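# Results of the structural survey
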Amino acid sequence: MSTLKVNTIQDASGGNASTAAELNSGRCKVWVNFNGGSSTLTVFDSYNVSSVTDNSTGVYTINFSITMANNDFALVTNQRLDTSGGAPSIVHTGNEHDDNTTTTAKIVCGTGNQNAAGGSGNIADVTSVAVAIFGDV
Amino acid sequence: MANSDSRFIYTNDDGSISIVCPADNTDLTLDQIKDKDCPSGKTVYTVNKSAIPTDRSFRDAWTYSE
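What this report covers is the structure whose coordinates are included nearby. Because the structure is a prediction, the values reported are computed rather than measured.

### A word on the interface of chain A and chain B
With 23 residues of chain A at the contact, the number on the chain B side is 22 residues. Interface area for chain A against chain B, summed over the two sides, is near 1700 Å², with a carbon-plus-sulfur share of 40%. At the junction of chain A with chain B, the criterion picks out three salt bridges. Across the salt bridge formed by arginine 56 of chain B and aspartate 54 of chain A, the nearest N and O atoms sit 3.0 Å from each other. At the junction of chain A and chain B, the tally comes to 16 residue pairs in polar contact (both at pLDDT 80 or more). Looking at the side of chain A that touches chain B, the elements with two or more residues in it are strand 4 (42–47), strand 5 (49–56) and strand 6 (59–64) of chain A. Looking at which element gives the most residues to the side of chain A that touches chain B, the answer is strand 5 of chain A, with eight residues.

### Describing unusual backbone geometry
Residues and elements named next belong to chain A. Residue asparagine 16 is not a glycine yet carries a positive backbone phi of 55°. Considering the arrangement of structural elements, one finds asparagine 16 in the loop between strand 1 (8–9) and strand 2 (18–19). We classify asparagine 16 as exposed; its relative accessible area is 67%. Within the chain, asparagine 48 stands out as a residue other than glycine whose phi angle is a positive 55°. Position of asparagine 48 among the secondary structure elements: in the loop between strand 4 and strand 5.

Criteria and cut-off values
- Residues numbered from 1 in each chain as written.
- Chains lettered and ligands numbered in written order.
- Predicted model: local features only at pLDDT ≥ 70, side-chain atom pairs only at ≥ 80, totals over all residues.
- Heavy atoms only, no water.
- Contact = heavy atoms within 4.5 Å.
- Buried area = accessible area lost by both parts, 1.4 Å probe.
- Salt bridge = Lys/Arg side-chain N within 4 Å of Asp/Glu carboxyl O.
- Polar contact = N/O pair within 3.5 Å; in protein donor to acceptor, adjacent residues only side chain to side chain.
- Helix = DSSP H or I, 4+ residues; strand = E, 2+ residues; numbered from the N terminus.
- Buried < 20%, exposed > 50% of the residue type's maximum accessible area, 1.4 Å probe, protein only.

Note that all results are geometric; they support no functional claim without further evidence.
Structure below.
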């Protein structure tokens, strides 16, 4: 395999310059799209993911096949709770920094206010979950 | 057989079970994923995905024994 070593990449007009460091910092390091809500959990597609763990209702762990430099990465999600053909419910996904390791990220999905001090929501399985992780490796 | 045809099951300290779904888009083998993503010191069962119940109504009450 050949390696192209350059300091900066620009478009044909000389604009939109990016350094190799910027490209490395900005690209997604881990992503996964899975169904956690119907029958057995199914991973549709992924990148740098070795598996997804179904811990309990609405609680999932993304297991990386790479090792991040630390657990300070940014995790963004999109999720949908199928309501049998009706409008999808609003779903929240929580991710605690302290639950993350250099090789795993834990997410909790559910509806409504899940505040233990009086929330009306519920932790729930989610039919479509997409997770993308940006950070240093 | 694809990685995703298998599942790894282990029992947590609180009696609940975790089910690991291996990804297909990885260079790791099933054994490598099992060693890496399942806790050491616990008995881990490898089952076909068809062994997992499709009704998740009582997911948090699931237990597993051979």
